[in-house]
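Architecture at a glance
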Amino acid sequence: MEAEVAIVGAGAAGGILALALARRGIRVVVLESGPRHDLAQRPEYVRRYVRGENPWATPLASLDRYTVGGPVPYHLGGKRARGVGGSTLHWEGYALRLHANDFRLKSLYGIADDWPISYQDLEGYYAEAERMLGVAGVADEPWAAPRSAAFPLPPFPFSYSDGLFTRACQPLGIALHHLPQARNSVAYAGRPQCRACGTCQVCPTGAKASVDLTHVPQAEATGNAQVLTEATVLRLELDRSGRVSAAVYARPDKLQQRLNARVFVLAGGAVENARLLLLSASREFPGGLANRSGLVGKFFMSHPSIEVSGRAREKVYPYRIGFSTAMSRQFAIERDRATRGAFLLEFLNSAGPTPDRIAVASGQWGEPLRTRVREEFGHWLGIRVYAEQLPDRVNAISLNLNVRDHFGSPAPHIHYIVGKYERRALDEAKEVAGKILAAIGLTDVRSTGLSFAAHQIGTHRMGADPGTSVVDVDLKAHDVPNLYLVGSGCFVTASASPPTLTIAALAVRAAQHIAARLRPASSGESTAHPAG
Amino acid sequence: MRLTRRSLILGVAAALGFDPSAVPRSPGGRADAAPALSRSQLEDLVAFAEILVGDGPLSPAERDYLVEHIERRTTQGGGYYLELYRTSVGLLERLAGTRFSGLDFSRRLALITHNRLSSSTVRPEETLGRFPREVREVRTRAVPDLIGGYYASPAGWAVVGYSAFPGTCGDLARYTSSER
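In this report, the structure presented in the accompanying data block is examined. (Residues numbered from 1 in each chain as written. Chains lettered and ligands numbered in written order. Predicted model: local features only at pLDDT ≥ 70, side-chain atom pairs only at ≥ 80, totals over all residues. Heavy atoms only, no water.)

**Examining the overall build of chain A**
For clarity, the threshold we go by: Secondary structure counts use DSSP, requiring at least four H or I residues in a row for a helix and at least two E residues in a row for a strand, with both numbered from the N terminus. Computation of the radius of gyration draws on C-alpha atoms, with the globule rule given as 2.2 Å multiplied by the number of residues to the power 0.38. Partly exposed describes any residue whose relative accessible area lies between the buried limit of under 20% and the exposed limit of over 50%, with all areas from a 1.4 Å probe on protein chains only and scaled to the type maximum. Any two residues whose heavy atoms approach within 4.5 Å at even a single point are treated as in contact. Methods summary: accessible areas were calculated by the Shrake-Rupley approach with a probe of 1.4 Å, and residue burial reflects only the protein chains presented. We count Lys and Arg on the positive side and Asp and Glu on the negative side, and we leave His and both chain ends out. By convention, the point assigned to a charge is CZ for Arg, NZ for Lys, CD for Glu and CG for Asp.
Tallying secondary structure elements over chain A gives 13 helices and 17 strands in all. In terms of overall dimensions, chain A is globule-like: its C-alpha atoms have a radius of gyration of 23 Å, near the 24 Å expected for 532 residues. Each of the three principal axes of chain A carries a C-alpha extent, and together these read 75 × 50 × 45 Å. Buried positions account for 61% of the 532 residues belonging to chain A. In chain A, of all internal contacts separated by at least 6 residues, the share reaching a separation of at least 24 is 73%. For chain A, the accessible surface area stands at approximately 18600 Å², while carbon and sulfur atoms represent 50% of it. Positive and negative side-chain charges in chain A, numbering 59 and 48 respectively, have mean positions lying 2 Å apart.

The structure is reproduced here in structure tokens:
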């Protein structure tokens, strides 16, 4: 089989690239290790989800094997989804741009590293990504970087509990603003308005954007894109000129096949991209493909997180919508980040125990049980905190030769620590959240232990210097001229904001670059915007 | 449907008016159908749950939610829940001296109260009567399971005044006000 561009992974980055390239007449084949999840299956998926099951679980479960090490294990279980749509199948839909300062930590604060591109370089692509995904929002964040276009959809109004948070935050000098999200506040792009089904990790209507709905079918409809599902890439092979010549993949029957292409793009997420490069070690690249820097797999990051909650005297009406509508990035931007880590506050619309949890925990039965559930439910408010994690070479993805997947490939091993910088930020965030909850008059304020967002970042960072980065500003591997590595793996720093909109913007930009290489005469065509 | 010897027997049993799920599986038989509780066992469990979760007889819809919960547990929980539920039904029948679901609500309530089967905890010094293993199983495992199953269902959300809850779609604007 042959293609002009072979893309590994049909998630946010892969799906967006496939459409952008196919629309330019470029023949694309996408190799996706998971299945298709048809929209018609979603009602059944919702039933499974509310029962606590994971409807996105990989049919070949051993493909998701991994091991952990380090003092703070980062577990991948439930934090990724294989299949057409990738992690957009189960993402929260929060679609935030990074702030201009997020790209310049070294220059502004003397910590970490700068990105080789600026917010201004990416602004036009952000606008394009917002238009493609249908981001609902309003420019009410006081610190947001300049925008060239309004949000394509109106914002979701604040919730009842957001009103309580707003009144508490004002006297504390904390600004609360709308949370931009790739979810239809009104019908958009052939998808319906959100109907508050409350199970956003399985959106039954398609109101939440996911690339299996917004990009992949459109790419296939051009006639230029083909998606092979349950096709797991085992390794990339090089020709004598040092270019990737083939992706060797296998279906569940383990029969190996080859896909030849002019350009190869890895879009399997930060963990799998790094793993596949390491699995593709050769005589020319004994430490892993595109790894002359020794940095493939290094600088893995996520967003350390806690939730702080408290009990209100009155009912606060939680669990009526599956997503949050308000946030504050005041502490993610307005500070000296040299010493004070950035964190984002998400004001939760659903906190506290559900009726079944109250019932089981109560130890009561009969009428007293019913009364207890009725009285106890609906009193809890919560704030979730996402902290920025600085890049640390110690945090890394490597191969565990003792644990193998369905195809006999070594599983990824994640070594992970959370440093003092992040812990100080979480401590401060806990204090800030506690003040807000106290201002509302909540009692029994408590904090969860440390957890981590389902954001995997770093592992093939971008940069201008091949000695200190894996890909260049166009996301092309420094060491291999026809290999691109896209997704959050190329981020230099993590910020405190969810990565998906930046993944999308970078994918649009990379598509423009790849198209210009393959079709020099039509490089200005269609979906990609020039830098703002 | 695949025709097997067992499915033929079940078909004949049903035609003769027997509960097919009560037909015993041969010791060496293949697991070609998911094991299930008999209809009478299911009724006894629901009758037990009815005492635990509220203050009176449940509506048909509420009973259906419990049946759905129990059936899901037995089909997806491996043999664990099947065994737990059968232990529960067996204990109830031994204590009642008859089918538990054959008793009216007040007699069931009295039996559960007398035998302290509603408590989900067991104190270390507590004596558990003639059937200590079964009582412990029922109280510490079956009781919280049945209570949790009921309160996770639409019936449980109705108790807190919610007609729409995670998993049901409805009015988008509802979350903005204090109306439920």
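Don't stop here, the text continues.
**Considering the overall build of chain B**
From N to C terminus, chain B includes seven helices and zero strands. Along chain B, helices and strands appear, N-terminal first, in the series α-α-α-α-α-α-α. Counting every position in chain B, which comprises 180 residues, the buried fraction comes to 43%. In chain B, of all internal contacts separated by at least 6 residues, the share reaching a separation of at least 24 is 54%.

**Some points on unusual backbone geometry**
Residue and element names in this part refer to chain A. In this model, Thr459 sits at a positive phi of 90 degrees, which is unusual for a non-glycine residue. By the element assignment, Thr459 lies in the loop between strand E16 (451-452) and strand E17 (483-485). Assessed through its relative accessible area of 0%, Thr459 is described here as buried. For Ser495, which is not glycine, the phi dihedral falls at a positive 55 degrees. Assignment of secondary structure puts Ser495 in the loop between E17 and helix H13 (500-518).

**Let's talk about the interface of chain A and chain B**
Stated formally: Summed over both partners, the accessible area lost on bringing two parts together, with a 1.4 Å probe, is the buried area. Any carboxyl oxygen of Asp or Glu within 4 Å of a side-chain nitrogen of Lys or Arg constitutes a salt bridge here. Whenever two N or O atoms come within 3.5 Å, that pair is a polar contact, provided that in protein one can donate a hydrogen and the other can accept it, and provided that, for residues adjacent in sequence, both atoms are side-chain atoms.
Listed per partner, the contact involves 41 residues of chain A and 39 residues of chain B. Summed over both sides, the interface between chain A and chain B buries roughly 3200 Å², with carbon and sulfur atoms accounting for 62% of that surface. When the area that chain A buries against chain B is broken down by residue, the three leading residues are Arg320, Trp365 and Arg370 of chain A, summing to 25%. The interface formed by chain A and chain B contains zero salt bridges. Our count for the chain A to chain B interface comes out at 13 residue pairs in polar contact (both at pLDDT 80 or more). Mapped by element, the contributors of at least two residues to the side of chain A that touches chain B are helix H2 (42-50), helix H10 (355-362) and helix H11 (366-376) of chain A. Of all the elements, H11 of chain A adds the most residues to the side of chain A that touches chain B, at six residues.

**Remarks on the packing of aromatic side chains**
All names here are of chain A. Put simply, the test is: Working definition: rings of Phe, Tyr and Trp (its six-membered ring) pair if their centres are within 6.5 Å, and the pair is stacked with planes under 30 degrees apart, edge-to-face with planes over 60 apart, and tilted otherwise.
The full count for this structure, using the stated rule, is 23 aromatic pairs over all chains. With centroids separated by 5.7 Å and ring planes inclined at 50 degrees, the aromatic side chains of Tyr74 and Phe452 adopt a geometry described as tilted. Taken together, the residues Tyr74 in the loop between strand E3 (67-69) and helix H3 (105-109) and Phe452 in strand E16 connect sequence positions 378 residues apart. In terms of burial, Tyr74 and Phe452 fall into one category: buried.

**Section: the nonpolar core**
Cut-off, in case you're wondering: Definition of nonpolar core: a set of buried residues of the types Ala, Val, Leu, Ile, Met, Phe, Trp, Tyr and Cys, connected through side-chain atoms within 4.5 Å.
Among the nonpolar cores identified, the biggest contains 107 residues, and Val5, Leu17 and Leu483 of chain A are the most heavily contacted of them. Ranked by residue count, the leading element in this core is H13 of chain A, at 12 residues. Once residues within four sequence positions are removed from consideration, Leu17 of chain A is found in contact with Ile7, Val265, Val486, Ala507, Ala510, Ala511 and Ile514 of chain A. Core analysis: the second largest hydrophobic core is formed by 51 residues, Tyr319 of chain A together with Leu92, Leu146 and Tyr162 of chain B among them.

**Concerning the state of the cysteines**
Filter applied, for reference: Disulfides are defined as cysteine sulfur pairs within 2.5 Å.
Inspection of the entire model under this criterion finds one disulfide over all chains. Between Cys197 of chain A and Cys169 of chain B runs a disulfide, and the two sulfur atoms are separated by 2.0 Å. Judged by the sign of its S-S torsion, about 110 degrees, the cystine formed by Cys197 of chain A and Cys169 of chain B is right-handed. Residue Cys197 of chain A is located in the loop between strand E4 (177-178) and helix H6 (211-214), and its partner Cys169 of chain B is located in the segment after helix H7 (154-159); the two belong to separate chains. The class for Cys197 of chain A is buried, based on a relative accessible area of 7%. On the basis of relative accessible area, Cys169 of chain B is assigned to the partly exposed category, the value being 29%.

**Things to note about the side chain of Arg139 of chain B**
Residue and element names in this part refer to chain B. Among the structural elements, Arg139 can be located in helix H6 (residues 132-151). For Arg139, a relative accessible area of 2% puts it in the buried group. A distance of 2.5 Å separates the side chain of Arg139 from the backbone oxygen of Thr121, its partner in a polar contact.

**Digging into the environment of Ala47 of chain B**
All names here are of chain B. Its place among the elements puts Ala47 in helix H2 (residues 39-53). Considering only alpha carbons, one finds Ala47 and Phe100, 53 residues apart in sequence, at a separation of 7.3 Å. Each residue touching Ala47, except ones within four places of it in the same chain, is listed here: Phe100, Ser101 and Arg108.

**Examining the side chain of Thr205 of chain A**
In this fold, Thr205 of chain A is placed in the loop between E4 and H6. Since its relative accessible area comes to 17%, Thr205 of chain A is described here as buried. Among the polar contacts made by the side chain of Thr205 of chain A, one reaches the main-chain amide nitrogen of Ala207 of chain A at a distance of 3.1 Å. The residues touching Thr205 of chain A, leaving out its near neighbours within four places in the chain, are Leu39, Pro192, Arg195 and Cys197 of chain A together with Cys169 of chain B.

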